[in-house]
Amino acid sequence: VPTMEGLARHGWVFENCISVAMLTNPSHVSLLTSLYPKDHGVYDNETGLADGVPTIATILKQAGYATSSVIGFPHLNPEVANLGQGFSKVIPATMQERRADETSRLALQVLDESPTEKPFFLWVHYVDPHAPYDPPKSAPLPSLALKTPMRQAVAAAPSFQRHHPWFQNAFKTYRFVEELEARYLAEVEETDRGLKILVDGLLSKGYGSNTIVALTSDHGESFGEHDLYFQHGGLYRPSLHVPLIVAMPDTEPKRLATLVSSIDVVPTLLGLLGLPEEPRMRGSSLSRFFSQDQLPSPVVFSEHMYHQQVAVRSL
């Protein structure tokens with residue numbers, strides 16, 4: 001994934017970032033508010049954030065930023081997740097998923113339409129590395145050793161997979177789990193190629209010297225760990241361990257192995273922009289590990305299903 005590796009060479013890489021949730025809406029709400037699900041109350045993909053809860057978009061808009069977003073999943077659209085608060089421009093998701101290259105081109109188009117006299121905040125939501133795994137036919141598939149019979153995944157399949165047409169067909173079409181894993185990895189690589197369009201576009205528009213790029217994810221994916229296949233259920237490491245890269249111009253690259261949380265992303269960005277955190281935020285700026293002698297967090301927390309599943313994780 002050369003584009004992501006390129007970003008890593010120009011900023012901070014947090015090798016052990018753990019999401020506070022493993023489901024799309026709760027995780028994104030936490031990511032944009034620096035609140036735990038128990039604080040914001042969103043635990044499923046049908047519930048939205050309450051009006052008036054500060055997000056990074058509302059904070060930056062009040063600070064004079066032009067705020068825009070390109071959303072990839074319908075259940076993250078403003079009428080469902082209510083994450084349109086603070087965004088002056090929202091390109092909503094459609095029922096037809098966009099590939100990463102189209103998403104990046106839309107994002108650059110939105111940026112072209114933003115007021116040039118204002119700094120900008122742009123949330124770009126890519127959906128490619130996600131079931132159903134459907135990379136372009138032209139995308140090369142990585143070669144993986146075929147060792148896990150598909151019958152193991154079929155035997156462990158939860159009801160939502162057993163009744164989903166794509167999974168039903170995949171269970172019949174592929175003989176080995178690794179065949180689907182290869183398609184997932186091809187989607188990751190396709191996302192990287194799409195991300196290159198965005199990064200190159202920012203550079204060509206002259207934003208390379210004054211733009212922070214934060215790259216992360218809402219959850220991971222399991223391919224047999226804990227008997228979970230092609231999904232991100234449970235508060236296990238494969239479901240919660242996410243990438244986090246904060247790339248900045250003229251920054252010495254650094255890597256941090258200690259535990260950090262997805263709720264630390266917003267305070268980190270606000271701190272880098274010289275803006276105060278909202279008092280209710282649960283996270284804290286990760287720059288503290290590089291600017292002063294502070295002990296790392298010994299544990300991080302994740303939750304699901306209205307506290308029925310709770311994880312406390314240490315290294």
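Residues numbered from 1 in each chain as written. Predicted model: local features only at pLDDT ≥ 70, side-chain atom pairs only at ≥ 80, totals over all residues. Heavy atoms only, no water.

Engineer: Summarise the overall build of the protein chain; cite the residues concerned and give the values.
Structural biologist: Counting its regular elements, the protein chain contains 13 helices and twelve strands. Computed over the C-alpha atoms, the radius of gyration of the protein chain is 19 Å, within 12% of the 20 Å expected from 2.2 N^0.38 for a compact globule of 315 residues. A principal-axis box enclosing the C-alpha atoms of the protein chain has dimensions of 55 × 40 × 40 Å. Of the roughly 14900 Å² that the protein chain leaves accessible, carbon and sulfur atoms contribute 53%. Computed over 25 positive and 34 negative side-chain charges, the inter-centroid distance for the protein chain is 3 Å. (Helix = DSSP H or I, 4+ residues; strand = E, 2+ residues; numbered from the N terminus. Rg over C-alpha atoms; globule rule 2.2 N^0.38 Å. Areas by Shrake-Rupley, 256 points an atom, 1.4 Å probe, with all protein chains shown as cover. Lys, Arg positive; Asp, Glu negative; His and termini not counted. Charge placed at Lys NZ, Arg CZ, Asp CG, Glu CD.)

Engineer: I'd love a proper account of the pairing of strand E4 (residues 120–124), names of residues and values included.
Structural biologist: With four of its five residues buried, E4 lies for the most part within the structure. Here five bridges tie strand E2 (residues 66–70) to E4, and the two strands are oriented parallel to one another. Paired with Val 70 across the two strands is Val 124, which belongs to E4. (Buried < 20%, exposed > 50% of the residue type's maximum accessible area, 1.4 Å probe, protein only. Pairing = 2+ DSSP bridges.)

Engineer: Break down the pattern of salt bridges for me, citing the residues and quoting the values.
Structural biologist: One pass over the structure, following the stated rule, counts nine salt bridges. Across the pair Asp 112 and Lys 205 runs a salt bridge, and its minimum N-O distance is 2.7 Å. Here Lys 205 lies in the loop between helix H10 (177–204) and strand E5 (213–216) and Asp 112 lies in helix H6 (residues 100–112), a separation of 93 residues in the sequence. Between Asp 200 and Lys 196 there is a salt bridge; the shortest N-O distance is 2.6 Å. Of this pair, Asp 200 and Lys 196 both sit in helix H10, separated by four residues, roughly a single helical turn. (Salt bridge = Lys/Arg side-chain N within 4 Å of Asp/Glu carboxyl O.)

Engineer: Any details on the nonpolar core? Residues and values, ideally.
Structural biologist: By size, the foremost hydrophobic cluster in this structure holds 36 residues, and its most contacted members are Phe 14, Ile 56, Leu 83, Trp 123, Leu 244 and Val 260. Sorting the residues of this core by element identifies strand E1 (11–18), helix H2 (24–33), helix H4 (56–62), E4, strand E9 (244–247), strand E10 (254–261) and helix H12 (265–272) as the ones contributing at least two each. By size, the runner-up hydrophobic cluster in this structure holds 22 residues, among which are Ile 91, Leu 122, Val 124 and Val 199. (Core = buried A, V, L, I, M, F, W, Y, C linked by side-chain atoms within 4.5 Å.)

Engineer: Can you break down the sheet that holds E4 residue by residue, with the values?
Structural biologist: Neighbouring strands of a sheet are bound in pairs by backbone hydrogen bonds; such pairs are parallel or else antiparallel. Read across the open sheet, the three strands follow the order E3-E2-E4; overall the sheet is parallel. Each of the sheet's edge strands pairs with one partner strand only, and the pair in question is strand E3 (89–91) and E4. Averaged over all pairs of adjacent strands, the angle between their axes in this sheet comes to 10 degrees, without regard to strand direction. Where E2 and E3 come together, three bridges link them in parallel fashion. In the strand pairing of E3, Val 70 is matched with Ile 91. (Axes fitted to C-alpha atoms, helices over the stretch in contact; angles between N-to-C directions.)

Engineer: Residues and numbers for H2, please.
Structural biologist: The buried count for H2 comes to ten of ten residues, which makes it a mostly enclosed element. Taken residue by residue, H2 has Thr 24, Asn 25, Pro 26, Ser 27, His 28, Val 29, Ser 30, Leu 31, Leu 32 and Thr 33 as its buried positions. Looking at the buried positions of H2, the neighbouring elements they touch are helix H3 (37–40), H4, helix H5 (78–81), E4, E5 and H12. One or two positions beyond H2, positive phi appears at Ser 34, with a value near 60 degrees. (Contact = heavy atoms within 4.5 Å.)

Engineer: Help me get a handle on the pairing of E1, residues and values and all.
Structural biologist: The element E1 is extensively covered by neighbouring structure, given that seven of its eight residues are classed as buried. With three bridges joining them, E1 and E9 adopt antiparallel strand pairing. Across the sheet, Trp 12 pairs through a bridge with Val 246, a residue of E9. Relative to strand E8 (residues 241–242), E1 runs antiparallel, the two sharing two bridges. Across the sheet, residue Ile 18 finds its bridge partner in E8, namely His 241.

Engineer: Residues and numbers for the side chain of Asn 45, please.
Structural biologist: Inspection of the secondary structure puts Asn 45 in the loop between H3 and H4. One polar contact links the side chain of Asn 45 to the main-chain amide nitrogen of Asn 25, over a distance of 2.9 Å. With near-sequence residues (within four places) excluded, Asn 45 lies in contact with Leu 23, Thr 24, Asn 25, Pro 26, His 75 and Val 80. (Polar contact = N/O pair within 3.5 Å; in protein donor to acceptor, adjacent residues only side chain to side chain.)

Engineer: Could you give me a rundown of H12, with the residues and numbers involved?
Structural biologist: Of all eight residues in H12, six are buried; the element is thus mostly enclosed. Those residues of H12 that sit buried are Val 265, Val 266, Pro 267, Thr 268, Leu 269 and Leu 270. In this structure, the buried side of H12 is in contact with E1, H2, H4, E5, E9 and E10.

Engineer: Please give an account of unusual backbone geometry that cites residues and values.
Structural biologist: With the exception of glycine, the majority of residues adopt a negative phi angle, and the majority of peptide bonds are in the trans configuration. Between Ala 131 and the following residue, Pro 132, the backbone shows a cis peptide bond with an omega angle of 0 degrees. Topologically, Pro 132 is positioned in the loop between E4 and helix H7 (150–156). In the Ramachandran plot, Asp 250 falls in the positive-phi region, its phi being about 50 degrees despite a non-glycine side chain. You can see Asp 250 is positioned in the loop between E9 and E10. In this structure Asp 250 comes out as exposed when scored by relative accessible area, which is 83%. Notably, Tyr 306 is not glycine yet its phi reads approximately 50 degrees, a positive angle.

Distances and angles like these do not, on their own, reveal function.
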